[in-house]
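Analysis of the macromolecular model
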Amino acid sequence: MIFVTGGAGFIGSNFVLHRLARFDEPIVVIDKLTYAGNRENLASAQHDPRLIFSHTDICDGAAIAALFAAHRPRAIVHFAAESHVDRSILGPGEFIRTNVNGSFELLEAARKYWQELAAEARAGFRFLHVSTDEVYGSLGPDDAPFSETTAYAPNSPYSASKAASDHLVRAYHHTYGLPVLTTNCSNNYGPFQFPEKLIPLILQNALDGKPLPIYGDGLNVRDWLFVLDHCRAIERVLETGRPGEVYNVGGKNEIRNIDVVTVLCAILDELRPRAEGRYADLITYVKDRPGHDRRYAIDPSKIERELDWRPEETFETGIRATVAWYLDNRGWVDRVRDGSYRDWIDRQYGERT
Ligand code: NAD
Ligand code: TYD
């Protein structure tokens with residue numbers, strides 16, 4: 001059995017569903033269900049006896065220790081985090097609490113559990129920490145992409161809190177020998193992404209006929225990866241990565257924000273034409289994000305070379321699948337936006353219990 005923290009969030013839920021479809025191994029999802037956690041994301045597996053859900057805050061060390069004692073996992077995949085840069089600018093406290101203190105509590109619980117294991121189980125145990133390329137800071141137009149040896153230079157409270165957790169993970173390997181693995185991935189997109197991030201936000205605003213906000217000059221560059229390609233990379237690292245190593249994950253898809261939005265508008269023009277005109281007419285430049293990183297780009301050659309991972313989706317195929325998902329799942333988006341996703345479990349099970 002494995003633990004997945006943050007398994008009701010965007011990438012975590014994609015990972016859980018992807019894994020349950022391919023392996024028999026049970027999964028305990030550990031999630032606090034913040035605004036970004038949505039049990040409806042796991043609805044397709046709600047009757048699967050291999051999926052156990054624990055409504056737990058990773059900062060609660062005693063509760064995490066009890067989960068280790070009860071379920072005795074062979075690995076933990078740690079997604080749980082506060083993840084939105086703009087929220088970290090408005091209120092950094094929760095980012096420090098969950099991303100730094102929470103990761104620390106998880107590492108402590110894992111270390112104590114791991115140290116008591118018999119030799120074979122000790123050797124096989126893994127703590128996989130899911131991190132971001134944002135810890136490396138911002139690139140100029142001609143800089144080489146981030147590699148695993150790029151110096152850390154986080155610029156936002158979000159990336160600083162993730163950098164701190166990466167350092168703790170590294171220290172637990174060097175000091176205690178805990179078999180950790182770290183992945184630093186570029187921007188993800190795909191189903192179940194909370195509509196505060198660029199791609200789902202633009203899609204929803206466009207369908208509502210609202211302005212499409214572009215920060216600054218729209219020329220900031222992100223390196224986009226389809227979420228299931230990230231999940232496949234994590235799986236590869238979990239099963240064959242070398243303990244103590246860091247793997248950068250990215251799809252070599254550097255795209256300027258304005259171009260991402262233009263592509264989304266063009267796909268919508270084709271699939272859901274607007275009577276009032278073209279979707280791109282809604283593009284509106286707004287005040288820039290403070291400290292806005294200019295460019296992120298990942299050099300994935302280590303994970304390609306050592307673990308034989310490569311993305312299966314191009315940006316063209318992945319973004320079409322994503323737009324199709326959001327068009328087919330307006331109900332999911334509506335429930336997220338009106339807050340009723342929080343009552344999903346009550347509505348699902350209320351009358352049965
Ligand atoms: P998300 O915000 O969609 O989901 C986060 C999940 O963590 C939610 O289910 C939330 O309820 C849970 N959570 C938050 N605080 C918690 C706490 N204290 N205890 C237990 N659960 C808690 O995030 P995401 O986009 O799925 O990102 C997942 C991980 O991947 C994060 O660690 C993030 O830094 C990393 N990452 C994200 C991206 C991206 O583009 N989204 C890219 C690279 C890395
Ligand atoms: P986001 O999805 O928040 O991811 P991150 O900040 O972690 O890269 O934003 C992606 C890019 O899009 C980033 O450069 C900020 C920009 N952006 C906008 O221009 N408008 C928006 O409304 C949002 C949410 C983001």
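So, how was this worked out
Residues numbered from 1 in each chain as written. Chains lettered and ligands numbered in written order. Predicted model: local features only at pLDDT ≥ 70, side-chain atom pairs only at ≥ 80, totals over all residues. Heavy atoms only, no water. Near = heavy atom within 4 Å. Polar contact = N/O pair within 3.5 Å; in protein donor to acceptor, adjacent residues only side chain to side chain. Areas by Shrake-Rupley, 256 points an atom, 1.4 Å probe, with all protein chains shown as cover. Helix = DSSP H or I, 4+ residues; strand = E, 2+ residues; numbered from the N terminus. Nonpolar A, V, L, I, M, F, W, Y, C, P; charged D, E, K, R; others polar. 1 Å grid on protein atoms, 1.4 Å probe; cavity = no way out; pocket = protein on both sides within 12 Å on 5 of 7 lines; lining within 4 Å. Points joined across faces, edges and corners; volume = space filled by probe spheres on them. Buried < 20%, exposed > 50% of the residue type's maximum accessible area, 1.4 Å probe, protein only. Contact = heavy atoms within 4.5 Å.

**Considering the site of ligand 2**
- In the vicinity of ligand 2 lie 17 residues, with E134, Y215, R222, R289 and H292 positioned nearest.
- At 2.9 Å from a nitrogen atom of ligand 2 is found a main-chain nitrogen or oxygen belonging to P213.
- Taking R222, its side chain carries an N or O atom lying 2.7 Å from an oxygen atom of ligand 2.
- Expressed as a share of its isolated accessible area of 510 Å², the protein-covered part of ligand 2 is 96%.
- Those elements giving two or more residues to the shell around ligand 2 turn out to be α7 (198-208) and β8 (212-215).
- The element best represented in the shell around ligand 2 is β8, accounting for three residues.
- Its residues assigned to classes, the shell around ligand 2 comprises seven nonpolar, five polar and five charged.

**What to know about empty space enclosed by the protein**
- Using the criterion set out here, one finds two cavities of 30 Å³ or more in the structure.
- When its volume is computed, the largest cavity comes out at roughly 50 Å³.
- Class assignment of the residues belonging to the lining of the largest cavity gives a composition of four nonpolar, four polar and three charged.
- H78, A80, A81, N99, S103, H129, V130, K162 and S165 are the residues that line the second largest cavity.
- Taken together, the elements giving at least two residues each to the lining of the second largest cavity come down to α4 (93-115), β5 (126-132) and α6 (157-176).

**Some thoughts on the site of ligand 1**
- Near ligand 1 you find 28 residues, and of these I11, D31, S83, Y158 and K162 are the closest.
- Here an oxygen atom of ligand 1 and a backbone polar atom of L33 are 3.5 Å apart.
- Only α1 (10-22), β5 and α6 provide two or more residues apiece to the shell around ligand 1.
- The element contributing the most residues to the shell around ligand 1 is β5, with three residues.
- Of the residues in the shell around ligand 1, the class split is 12 nonpolar, 12 polar and four charged.

**Comments concerning α7**
- Turning to α7, its buried residues are I199, P200, I202, L203, Q204, N205 and A206.
- At its buried positions, α7 is contacted by β7 (188-189), β8, α9 (257-271), α11 (315-328) and α12 (330-338).
- Count one or two residues on from α7 and you reach G209, which has phi positive near 70°.

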